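Below, each chain spelled out in residue letters.
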Amino acid sequence: MDRLHAMKTFVAVVESGGFTAAARKLDVSLSVVSRIVTELEAHLGVRLLTRTTRVVRPTDTGAAYFENCKRILGEIEEADLAAAGTHAAPRGSLVVTAPVLFGARHVTPIVVEYLQRYPEVDVHCVLVDRNINFIDEGVDVGIRIGELPSSTLQAILVGRVRRVVCAAPAYLQRHGLPRTLDDLQRHTLIQTTGVNTLPEWRFMEQGEPRPLRIAPRLATSTNDSAISAAVAGLGLARVLSYQVAAELHDGRLRVVLAEYEPPPVPIHVIHREGRHAMRKVRAFLDLAIDRLRADQSLN
């Protein structure tokens, strides 16, 4: 058995989500892919994949082996590039994920700069307001906003943002400035439901968490539309500070109830490779960390 070829085949199965897709990707028959993975499992003496009629997923052992295979194959590619004298130029395909609005405002400019700097790399951006599985989606680098669960992913802190309540000055002139959390009951509220559908906002009062049930007049699935409604003077919206940095700077929105805000929310750049990350990943990490840490709206 060709161990290197078996590793490449196994990685293709995991990244493609199945044997048929991997066969198409590798341009070989389905039976060849199945045979190679079966031989690899027999050689290792462990089950690497859980096979059902609907999905093929790595076992816990398979997931760890997948990460090791990716690292080894990446190091081999780096060695080949170095031997060819082109190690200074990242190349290949990179998959990056981030929340929708953050991706549009902060990640896309970094991706554009990265692509202009490294013409031999292609980037696929997956901008979604949910945490996706790095292995299932084939993701190399991600941006996550919020506390991170325990995982094997590498995480680098690049900033913190506030969760703010804001409204247009014209709305506050008409309806008055809320000075306590109880004052919110008499105001028009705008809620984003994309991630959290509970009609509840969480605050801190006298050092203690205080959840507040709300009755929004407008519930919308995107932060963009909630911010637009607030700018138009409909009512109070609760968003992350980076999402309204421009509106706060030019005076279209004003923060209220700042003394009741919960602790700032961390922003991490995460990736699944250790200190021996492939050059295309390392180059993107270095650029993203530098640009995000320098952004005043994120710190």
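The chain is annotated in an unreviewed UniProt entry as Transcriptional regulator, LysR-family from Bordetella petrii. According to its UniProt record, the chain has this under Sequence similarities (unreviewed entry): "Belongs to the LysR transcriptional regulatory family."

1. A word on the overall build of the chain
Check the secondary structure of the chain and you find 10 helices and 14 strands. When the backbone C-alpha atoms are referred to their principal axes, the chain occupies close to 75 × 45 × 35 Å. Put simply, the chain has 299 residues, and 43% of those count as buried. Expressed as a percentage of contacts within the chain between residues at least 6 apart in sequence, the contacts between residues at least 24 apart total 73%. Per element, the accessible surface of the chain, about 15600 Å² overall, is 50% carbon and sulfur. A gap of 3 Å separates the mean positions of the 36 positive and 33 negative side-chain charges of the chain.

2. Thoughts on the domain arrangement of the chain
Its domain assignment divides the chain into domain 1 (3–84), domain 2 (92–157 + 269–298) and domain 3 (163–260). A straight line from the C-alpha centre of domain 1 to that of domain 3 covers 48 Å.

3. A closer look at the UniProt feature "domain: HTH lysR-type" (unreviewed entry) in the chain
Feature annotation in UniProt places "domain: HTH lysR-type" (unreviewed entry) on residues 1–59, given in this structure's numbering. For residues 1–59, the end-to-end C-alpha separation is 22 Å, with 63% helix and 10% strand making up the annotated structure.

4. A short note on the nonpolar core
Within soluble globular proteins, side chains that are nonpolar generally end up buried alongside one another. In terms of nonpolar packing, the biggest core is built from 42 residues, with Phe 102, Tyr 114, Ile 143, Val 269, Phe 284 and Leu 292 touching the most fellow members. Both domains that meet at this core, namely domain 2 (92–157 + 269–298) and domain 3 (163–260), each give it at least three residues. When sequence neighbours within four positions are dropped, the list of residues in contact with Tyr 114 reads Pro 90, Leu 94, Val 121, Val 123, Lys 280, Ala 283, Phe 284 and Leu 287. In this structure, Val 11, Val 13, Leu 48 and Ile 135 belong to the second largest nonpolar core, which totals 22 residues.

5. Examining helix 10 (residues 279–294)
Counted at 1.5 Å a residue, the expected span for helix 10 with its 16 residues is 22 Å, and the 23 Å between its end C-alpha atoms agrees. For helix 10, every residue scored as buried is listed here: Lys 280, Val 281, Ala 283, Phe 284, Leu 285, Leu 287, Ala 288, Ile 289 and Leu 292.

6. Structural notes on the packing of aromatic side chains
Counted by the stated rule, this structure contains four aromatic pairs. Ring geometry for Phe 102 versus Tyr 242: centroids 5.0 Å apart, planes at 80°, classification edge-to-face. Of this pair, Phe 102 sits in helix 5 (residues 100–117) while Tyr 242 sits in the loop between strand 12 (236–240) and helix 9 (245–249); the two residues are 140 residues apart in sequence, bridging distant segments of the chain. Here the aromatic rings of Tyr 114 and Phe 284 are separated by 5.2 Å at their centres, their planes lie at 85°, and the arrangement is edge-to-face. Of this pair, Tyr 114 sits in helix 5 while Phe 284 sits in helix 10; the two residues are 170 residues apart in sequence, bridging distant segments of the chain. A relative accessible area of 0% places Tyr 114 in the buried class. Three or more aromatic residues joined by ring pairs make a cluster, and in this case those are Tyr 114, Tyr 118 and Phe 284.

7. Topic: the pattern of salt bridges
On inspection of all chains with the given rule, the structure shows 17 salt bridges. Note that Glu 39 and Arg 35 form a salt bridge whose closest N and O atoms lie 3.4 Å from each other. Highlighted residues: Glu 39 and Arg 35, both in helix 3 (residues 30–44), separated by four residues, approximately one helical turn. Classification of Glu 39 by relative accessible area gives partly exposed; the value is 33%. Looking at Arg 35, the relative accessible area reads 43%, which means it is partly exposed. Between Arg 252 and Asp 250 there is a salt bridge, with the nearest N and O atoms lying 2.9 Å from each other. In this structure Asp 250 comes out as partly exposed when scored by relative accessible area, which is 44%. A cluster of three or more residues bridged by salt bridges with shared partners is formed by Glu 15, Lys 25, Lys 70 and Arg 272.

8. Let's talk about the confidence of the model for the chain
Confidence in the prediction for the chain averages 90 pLDDT; 93% of positions are at 70 or higher. Confidence, read as mean pLDDT per element, is least for helix 6 (residues 134–137) in the chain (78) and greatest for strand 13 (residues 254–256) (98).

9. Let's talk about the sheet that holds strand 4 (residues 121–127)
Here we have five strands laid out as an open sheet, ordered 4-3-5-14-6, and mixed in their pairing. Two strands lie at the open edges of the sheet, namely strand 4 and strand 6 (154–161), each paired on one side alone. Shown here is a sheet whose adjacent strand axes are inclined to one another by a mean of 20°, direction ignored. The strands touched by helix 5 within the sheet are strand 3 (92–98), strand 4, strand 5 (141–145) and strand 14 (265–271), with strand 4 carrying the most contacts at an inclination of about 180°. Running over the sheet, helix 10 touches strand 3, strand 5, strand 6 and strand 14 and is turned about 20° from strand 6.

The rules behind each value
Residues numbered from 1 in each chain as written. Predicted model: local features only at pLDDT ≥ 70, side-chain atom pairs only at ≥ 80, totals over all residues. Heavy atoms only, no water. UniProt positions renumbered as here; feature names shortened; annotations may be inferred. Helix = DSSP H or I, 4+ residues; strand = E, 2+ residues; numbered from the N terminus. Buried < 20%, exposed > 50% of the residue type's maximum accessible area, 1.4 Å probe, protein only. Contact = heavy atoms within 4.5 Å. Areas by Shrake-Rupley, 256 points an atom, 1.4 Å probe, with all protein chains shown as cover. Lys, Arg positive; Asp, Glu negative; His and termini not counted. Charge placed at Lys NZ, Arg CZ, Asp CG, Glu CD. Domains from an automatic or database assignment. Core = buried A, V, L, I, M, F, W, Y, C linked by side-chain atoms within 4.5 Å. Expected span 1.5 Å × (residues − 1). Phe/Tyr/Trp six-rings, centres within 6.5 Å; stacked < 30°, edge-to-face > 60°. Salt bridge = Lys/Arg side-chain N within 4 Å of Asp/Glu carboxyl O. pLDDT = per-residue confidence, 0-100. Pairing = 2+ DSSP bridges. Axes fitted to C-alpha atoms, helices over the stretch in contact; angles between N-to-C directions.

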